[in-house]
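This is what each chain is made of:
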Amino acid sequence: MSSSGVVVDRRSLVRWRNAVIAAFGLGGLTLTAWAPRLPELKAALAVDTGTLGTLLAAVTVGSIAGLSAATPVLHWLGSRRALSGALLLVAGALAVLGAAALLTSVPLIAAAFVLVGLGIGTLDVLINVEGSAVEQAAGRTLMPLMHGAWSVGVAVGSGIGGGCAALHIAPSAQFFGEAVVVAVAALVLARSIPAGTREQDEPARRRSRWAKVGEWLRGWTDWRLLLIGVVMLGVELGEGSANNWLTIAVSDAHGRSPAMAAVFFTVFAAAEASARIFGGPVVDRLGRVRAVRCTTGLGVLGTALFIVGNSPWLVLLGVVLWAVGVSMGFPLGMSAAAESGPNPAARVSVVASIGYLANLAGPPAVGLLARSAGVLRALWLVAALLAIAFAVAGSLRRRSA
């Protein structure tokens, strides 16, 4: 039996690991399914930008509900059925989104966004719990690789949407097609997921569902868990700010063309994904705490170079270091939260909620600062929170230590 409480042979472990990596990729793919088609959806629905923003907020509402629902769902259904069920919910939501696009129905679009957010939020907790269990069974760091698969899924999903738009394939057809792919994958991947709820000890497995929900509520008073959440807050605000403001800062503040700004953002995405995919052995050598301190320290340096750089090469170097800076905190924070105590799903849900809040509230906060101080000066907020993440990275130390 592994430290994750699951008995697996090497072949089953490889299948389990690959299934979780694929589930991460599907989550990333789903998250960017509609983004490239928003101009077409906006025109077809005949709504203004404000209304479209309100509709997109439904994804966040659903995601937060999914983060809260994941813990009881896991204990009710077990890992295998819960994870495949979350993927099937995502597939169903994409199908509803396809129907809404076909019927040009604003209420149906809103319902679809809530459903897809619910599925993604639930899936996010479940795959991180599974990823932590695989790590413990394998005895080496795998979570950054898994989150790298999410980043690759984001790129693939964006590429599919952009390609379909270029080929004049209707959004509804794209969403229906992706729904079929996700549904089939859910059924195939379920075969490789071991049964169980990933509880780490027998007393934890015997506790009632209500007791486990109570543990989730108490997680919000666990100082170590909240400090892990602070690390997540810093790196997620850094990533979300790059997603929303990097291209604008490059074009408006650094005076580069929109095409060059897009290239800089592509470099950011590639650097972040690469750091996650190839960073596992580095984490095993340095340990979580030193790895997060090294990356967040580079992130502080990178954002500073991006802000004050007076040549395109310095700005580009800043982009790369900024990407490395936000690459490790989230996956390693998920691992640390999952093994920090009993009921790993509840503990992952707490820190994931903090990360989602940062990704939701951070970019608008940067935008408000940018109104009065300019976008570059506003990005000092990113550097400050990465520095705080550096300072509290000790909270990610392994429980056995």
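For the structure itself, look to the data block above.
So, here's what we can say about the structure.

1. Quick look at the nonpolar core
Part 1: Within the largest apolar cluster, 106 residues are counted, with the highest numbers of intra-cluster contacts made by Trp-34, Phe-113, Leu-246, Phe-306, Trp-322 and Leu-379.
Part 2: With 12 residues, helix α5 (residues 106-138) is the largest single contributor of residues to this core.
Part 3: Residues within four places of Phe-113 in sequence aside, it is in contact with Trp-34, Leu-55, Leu-56, Ala-58, Val-59 and Leu-97.

2. So, the packing of helix α6 (residues 143-166) against helix α15 (residues 329-338)
Part 1: Taken N-terminus to C-terminus, the directions of α6 and α15 make an angle of 130°; their axes are 8 Å apart at the nearest point. Taken as axis vectors, α6 and α15 run oblique relative to one another. The handedness of the crossing between α6 and α15 is right-handed. Of the residues in α15, those touching α6 at Met-143, Pro-144 and His-147 are Phe-330, Pro-331, Leu-332, Met-334 and Ser-335.
Part 2: Here the contact of α6 with α15 is built from residues that sort into six nonpolar, two polar and no charged.

3. Topic: helix α4 (residues 79-103)
Part 1: Under the 1.5 Å per step criterion, the end-to-end length of α4 is 36 Å for 25 residues, consistent within 8% with the ideal 36 Å.
Part 2: Downstream of α4 by one or two residues, Thr-104 has phi in the positive range, about 50°.

4. Topic: a nonpolar patch on the surface
Part 1: A cluster of nonpolar side chains, contributed by Leu-145, Val-152, Val-156, Ile-160, Ile-277 and Phe-278, occupies part of the molecular surface with about 470 Å² of accessible area.
Part 2: When residues of the nonpolar patch are traced back to their parent elements, those giving at least two are α6 and α11 (258-278).
Part 3: Examining the composition of the nonpolar patch, we find that four residues originate from one element, α6, more than from any other.

Scoring rules and cut-offs
- Residues numbered from 1 in each chain as written.
- Predicted model: local features only at pLDDT ≥ 70, side-chain atom pairs only at ≥ 80, totals over all residues.
- Heavy atoms only, no water.
- Core = buried A, V, L, I, M, F, W, Y, C linked by side-chain atoms within 4.5 Å.
- Buried < 20%, exposed > 50% of the residue type's maximum accessible area, 1.4 Å probe, protein only.
- Helix = DSSP H or I, 4+ residues; strand = E, 2+ residues; numbered from the N terminus.
- Contact = heavy atoms within 4.5 Å.
- Axes fitted to C-alpha atoms, helices over the stretch in contact; angles between N-to-C directions.
- Parallel < 35°, antiparallel > 145°, perpendicular 65-115°, else oblique.
- Left-handed = near helix turned anticlockwise from the far one by under 90°.
- Nonpolar A, V, L, I, M, F, W, Y, C, P; charged D, E, K, R; others polar.
- Expected span 1.5 Å × (residues − 1).
- Patch = residues over 30% accessible without salt bridge, like charges linked within 9 Å, V, L, I, M, F, W, Y side chains within 5 Å.
- Areas by Shrake-Rupley, 256 points an atom, 1.4 Å probe, with all protein chains shown as cover.
- Salt bridge = Lys/Arg side-chain N within 4 Å of Asp/Glu carboxyl O.

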